[in-house]
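# Analysis of the macromolecular model
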Amino acid sequence: MMMIFGAGYSGQAIAANARAAGFAVAGTSRSADRLESLQQQHIKPLLFDGMRLSAELEVAMAQATHLVQSIAPGSAGDPLLMLTGGDLRRYFPKLCWAAYLSTVGVYGDHGGAWVDEETPCRPVSRRSVERVAAETGWCDAGKRADVPVAVLRLSGIYGPGRNGFVNLSQGTARRLVKPGQVFNRIRVEDIGAASLFLSERQASGIFNITDDEPAPPQDVVSEAARLMGIEAPAEQAFETAELTPMARSFYGENKRVSNRKIRNLGFRFRYPEYRASLGDLWTSGRWSG
């Protein structure tokens, strides 16, 4: 039985792969309004506000053989580690593998250079600093419980319902240009497949879950517009753009992220680069979700 804390966009993709492989899946949400949607996806819905563990939640935790934690930490730390004291064996007595979903943001800025899992973390934003602390906490908890823990560092997530086509159709797409800036991306379905792949091997350690081709963000918008048969938005200099502090902070980190480690284990990304991936979303009609 797989239990997913934070069964949102990525968590639901992980659940779909797990169910196809024969797992029973339970998943949490902060919102009672979203529980019915989880039920419709054959995910046992559980309410979790990050502040307390209900009796129902603890019963499910005691049955879990596989665990995925995708809830972002806060200033007080990782909510699940805080509530369990990091004692995985006590709260998850049947656990044989766990995954923590992190972000490539933990690497910080590397001036466009390539980074891999051996590259030292030098996070810039507060949220990335908190992620590094949570990664360490989960790895330490796994060692104490003698449970393999895989840390999945995810790049920019997109897929059905979340992509450039949606932004263009809503009139919110922009082609911001910052010379030399590149980002990696990852299709949400590849997150689900990579999680199952690592769980089947009871793999532990850090893994970059990202595509093969870091690219300038404006190029991705242009490709989506080309496929839609519409004119791309005009380019806009990053320096003059009005952005939220969070959006601007993303452009402060420039790096190319390698996925060689998981590929060397035998994993094959279904969507390794954005052109074919966008083509698939558009021609299949799945872009809208």
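In case you missed it, the structure is sitting above this.
Nothing here was measured: the structure is a model prediction, and the numbers come from that model. (Residues numbered from 1 in each chain as written. Predicted model: local features only at pLDDT ≥ 70, side-chain atom pairs only at ≥ 80, totals over all residues. Heavy atoms only, no water.)

This paragraph deals with the overall build of the protein chain. A tally of helices and strands in the protein chain yields 12 helices and 13 strands. Against the 2.2 N^0.38 benchmark of 19 Å for 289 residues, the protein chain shows a C-alpha radius of gyration of 19 Å, consistent with a compact globule. Dimensions along the principal axes, computed over C-alpha positions, put the protein chain at roughly 55 × 40 × 35 Å. Taking all 289 residues of the protein chain together, 51% fall into the buried category. By sequence separation, contacts in the protein chain at least 24 residues apart represent 77% of the contacts at least 6 residues apart. As displayed, the protein chain has an accessible area near 13,300 Å², and 51% of this comes from carbon and sulfur atoms. Charged side chains of the protein chain number 33 positive and 30 negative; the gap between the two group centres comes to 2 Å. (Helix = DSSP H or I, 4+ residues; strand = E, 2+ residues; numbered from the N terminus. Rg over C-alpha atoms; globule rule 2.2 N^0.38 Å. Buried < 20%, exposed > 50% of the residue type's maximum accessible area, 1.4 Å probe, protein only. Contact = heavy atoms within 4.5 Å. Areas by Shrake-Rupley, 256 points an atom, 1.4 Å probe, with all protein chains shown as cover. Lys, Arg positive; Asp, Glu negative; His and termini not counted. Charge placed at Lys NZ, Arg CZ, Asp CG, Glu CD.)

All right, on to the layout of surface pockets then. Counted as a void, the second largest pocket has a volume near 250 Å³. Around the second largest pocket, the lining residues are Gly 8, Tyr 9, Gln 12, Ala 13, Ala 16, Asn 17, Arg 19, Gln 41, Pro 160, Val 188, Glu 189 and Arg 286. Taken together, the elements giving at least two residues each to the lining of the second largest pocket come down to α1 (9-20) and α8 (188-200). The element that contributes the greatest number of residues to the lining of the second largest pocket is α1, accounting for six residues. Among the residues making up the lining of the second largest pocket, the classes are represented as five nonpolar, four polar and three charged. (1 Å grid on protein atoms, 1.4 Å probe; cavity = no way out; pocket = protein on both sides within 12 Å on 5 of 7 lines; lining within 4 Å. Points joined across faces, edges and corners; volume = space filled by probe spheres on them. Nonpolar A, V, L, I, M, F, W, Y, C, P; charged D, E, K, R; others polar.)

In this section: the sheet that holds strand β3 (residues 44-47). One open sheet accounts for seven strands, arranged β3-β2-β1-β4-β5-β7-β11; its pairing is parallel. Each edge of the open sheet is held by one strand with a lone partner, namely β3 and β11 (205-209). Sheet twist, expressed as the mean angle between neighbouring strand axes with direction ignored, is 20 degrees. Contacting β1 (2-5), β2 (25-29), β4 (66-69) and β5 (97-103), α1 crosses the sheet at an angle of about 175 degrees to β1. (Pairing = 2+ DSSP bridges. Axes fitted to C-alpha atoms, helices over the stretch in contact; angles between N-to-C directions.)

Glancing now at the packing of α1 against α8. Between α1 and α8, whose axes approach to 8 Å, the crossing angle comes to 50 degrees. Taken as axis vectors, α1 and α8 run oblique relative to one another. By crossing handedness, the relation of α1 to α8 is classed as right-handed. Of the residues in α8, those touching α1 at Tyr 9, Ser 10, Ala 13, Ile 14, Asn 17 and Ala 18 are Val 188, Glu 189, Ile 191, Gly 192, Ala 193, Ser 195 and Leu 196. A breakdown of the residues in the contact of α1 with α8 according to their chemical character gives eight nonpolar, four polar and one charged. (Parallel < 35°, antiparallel > 145°, perpendicular 65-115°, else oblique. Left-handed = near helix turned anticlockwise from the far one by under 90°.)

Moving on, we get to the pattern of salt bridges. Counting across every chain of the model gives 13 salt bridges. For Arg 286, the salt bridge is made with Glu 189, and the minimal N-O distance between the two is 3.1 Å. Placement of Arg 286 in the segment after α12 (274-284) and of Glu 189 in helix α8 is noted, with a sequence separation of 97 residues between them. According to the relative accessible area criterion, Arg 286 is partly exposed, its value standing at 36%. The class for Glu 189 is buried, based on a relative accessible area of 17%. Put simply, Glu 200 and Arg 201 hold a salt bridge, and the shortest N to O gap is 3.7 Å. On the accessibility criterion, Glu 200 (52% relative accessible area) is exposed. Look at the salt bridges and you will find they share partners, linking Arg 187, Glu 189, Asp 280 and Arg 286 into a network. (Salt bridge = Lys/Arg side-chain N within 4 Å of Asp/Glu carboxyl O.)

Moving on, we come to unusual backbone geometry. Phi at His 42 is positive, roughly 60 degrees, even though this residue is not glycine. Position of His 42 among the secondary structure elements: in the loop between α2 (35-40) and β3. Look at His 42 and you get exposed, because its relative accessible area is 59%. Positive phi outside glycine occurs at Asp 146, with the angle close to 60 degrees. When you line up the elements, Asp 146 lands in the loop between α6 (126-145) and β7 (149-154).

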